[in-house]
Amino acid sequence: MVAISYEDIVKVPKALLHDHLDGGLRPATIVELAAEVGHELPTTDAEALGRWFVDAANSGSLERYLETFAHTVAVMQTAPALRRVARECALDLATDGVVYAEVRFAPEQHLEQDLTLDEVVDAVVTGFREGSALAAEAGHPIRVGTLLTAMRHAARSQEIAELAVRHRDTGVVGFDIAGAEAGFPPTRHLDAFEYLQRENFHFTIHAGEAFGLPSIWQAIQWCGADRLGHGVRIVDDITPGNPPVLGRLAAYVRDKRIPLELCPSSNVQTGAAASIADHPIGLLRDLRFRVTVNTDNRLMSGTSMSREMALLVDAFGYGWKELQWFTINAMKSAFIPFDERLRIIDEVIKPAYAKVIG
Ligand SMILES: O=c1[nH]cnc2c1ncn2[C@H]1C[C@H](O)[C@@H](CO)O1
Ligand SMILES: [Zn+2]
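Residues numbered from 1 in each chain as written. Chains lettered and ligands numbered in written order. Predicted model: local features only at pLDDT ≥ 70, side-chain atom pairs only at ≥ 80, totals over all residues. Heavy atoms only, no water.

## Focus on the nonpolar core
Here is the rule: We define a nonpolar core as any set of buried Ala, Val, Leu, Ile, Met, Phe, Trp, Tyr and Cys residues linked to one another through side-chain atoms lying within 4.5 Å. Exposed residues in this analysis have more than 50% of their type's maximum accessible area, buried residues have under 20%, and partly exposed residues fall in between, with area computed by a 1.4 Å probe over protein chains only. Domain segmentation is taken from an automatic or database assignment of domains. Here, two residues are considered to be in contact whenever any of their heavy atoms come within 4.5 Å of each other.
Core analysis: the biggest nonpolar cluster contains 113 residues, and Leu-21, Phe-289, Leu-323 and Phe-326 have the highest contact counts within it. Counting the residues that make up this core, at least three belong to each of domain 1 (6–24 + 89–357) and domain 2 (26–75). Not counting the four nearest positions on each side in its chain, Phe-289 is found in contact with Ile-234, Ile-238, Leu-246, Ala-250, Val-253, Arg-254, Arg-257, Leu-260, Leu-284, Trp-325 and Asn-329.

Now the structure itself:
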């Protein structure tokens, strides 16, 4: 069998559920926007800046990895800057062959000048719409949904949850919490999650990345998360063996088909996995958890959706069937309505993979 190349993977449709807007800027855009606002960068050479982000994020600690966002958030403080970054994000994802993406960001981090929360969301959603239109013209149709993130160390989750619900008919499809995990359990934001449930809205929670099972358990059993952002530490509840034995929480996650938004390169950088080959995605896929493949932060990982898949092909020998399975898993787990998900699976994903599977 001929190995699948990165270039082949770019050509097939992919679905991405976990990508941060402020973790995916083009280095050249950061340089330009920083010059406009007088923000000092580690270097003003775009190529060197791209390398700087990856090196700085290769820290082995989530907290240090998150420090790099100071430079992206600093240049995303005006409506035109947010709109541009969102437009370029949609274009870059579409050019990489992503046909469906949920992109998240934290509106509360973009209030340093005089924008309101609603203006921040409007600017980003407009940028995604413009980028998607440009991508469609260029022959790369993409549907981008926005997720609003609240920072878990802060105390604005209820406000951000209400903001998300307010914009649910104009592009916002879900809610999330992110930021340093240790010391900031999801139950701190229980009011927000209960509010979202009463509103029949969707949410995912970053859990089981830098902190283990208690965080995953709270996210699901206390907060009612629809999906787990990362969730990779669910392996701590699986005893190796032949066959491996699932504890009660791991069994629950698998039985209920709770989607895991796994982000291989990001996990290697923050120390959640030793290498791609050692990443629990191999085991979790073999055990048929609802596994999805994601980028997390394309800038900090120097990656793309196609590159993440290519790394998995190299490490685990996956073929087109597995790549299709990841893609359909993601599409089934998306926060847009069922009929739209089905349309993308039946009309876009399955026909394209049928051609390459043969
Ligand atoms: O992988 C992550 N874990 C926790 N927080 C994260 C991760 N990637 C990005 N963030 C944070 C930093 C961003 O500023 C924020 C909103 O996108 O979310
Ligand atoms: Zn993330």
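## Remarks on the UniProt feature "binding site: substrate" (unreviewed entry) in the protein
Applied cut-off: UniProt positions are given in the numbering used here, feature names are shortened, and annotations may be inferred rather than shown by experiment. Counting from the N terminus, the helices are DSSP H or I runs at least four residues long and the strands are E runs at least two residues long.
Per the UniProt entry, the sites bearing "binding site: substrate" (unreviewed entry) are His-20, Asp-22 and Gly-179 in this numbering. The greatest C-alpha distance among the residues just named is 12.6 Å, despite their covering 160 residues of sequence, which places them together in space. Turning to its location among the elements, His-20 is positioned in strand β1 (residues 14–20). Look past the residues within four positions of His-20 in its chain and what remains in contact with it is Val-103, Arg-104, Ala-178, His-206, Asp-296 and Asn-297. For Gly-179, the position within the fold is in the loop between β4 (172–178) and α9 (190–198). Excluding residues within four positions of it along the chain, Gly-179 makes contact with Leu-62, Leu-66, Met-151 and Arg-152.

## Thoughts on the coordination of the zinc ion (ligand 2)
So the rule is basically this: Atoms of type N, O and S within 2.8 Å of a metal are treated as its donors, and for Na, K and Ca the window is 3.2 Å; water is not considered, so some sites may appear to be missing partners. Note on geometry labels: four donors, all angles 85 to 135 degrees, give tetrahedral; four donors become square planar and six octahedral when opposite donors are over 155 degrees apart and every other angle is between 65 and 115; remaining cases are irregular.
At 2.1 to 2.2 Å from the zinc ion (ligand 2) lie its protein donor atoms, namely His-18 (NE2), His-20 (NE2), His-206 (NE2) and Asp-296 (OD). Around the zinc ion (ligand 2) sit 4 donor atoms; with metal-centred angles ranging over 83 to 169°, the donor geometry is irregular. The sequence motif formed by the donor residues of the zinc ion (ligand 2) is H-x1-H-x185-H-x89-D. Of this pair, His-206 sits in strand β5 (residues 204–207) while Asp-296 sits in the loop between β10 (291–293) and α14 (298–301); the two residues are 90 residues apart in sequence, bridging distant segments of the chain.

## Examining unusual backbone geometry
Cis geometry is found at the peptide bond from Asn-242 to Pro-243, where omega equals 5°. Along the polypeptide, Pro-243 turns up in the loop between β7 (238–239) and β8 (245–246). Phi is positive for Asp-296, close to 65°, though the residue is something other than glycine. For Asp-296, a relative accessible area of 2% gives the class buried.

## Quick word on the sheet that holds strand β6 (residues 227–230)
The criterion, for reference: Any two strands with at least two DSSP bridges between them are considered paired. Axis definition: a line fitted to C-alpha atoms, over the contacting stretch in the case of helices. Angles run 0 to 180 degrees between N-to-C directions.
Across the sheet, which stays open at both edges, the 4 strands sit in the order β5-β6-β9-β10 with parallel pairing between neighbours. Each edge of the sheet is formed by a strand with only one pairing partner; in this case those strands are β5 and β10. The mean inter-strand angle of the sheet, taken between neighbouring strand axes irrespective of direction, is 30°. Inspection of the sheet shows β5 paired to β6 by 4 bridges, in the parallel sense. When the sheet's bridge partners are listed, Ile-205 is paired in β6 with Leu-228. Taken strand by strand, helix α10 (residues 213–222) contacts β5 and β6, and its axis lies near 170° from that of β5.

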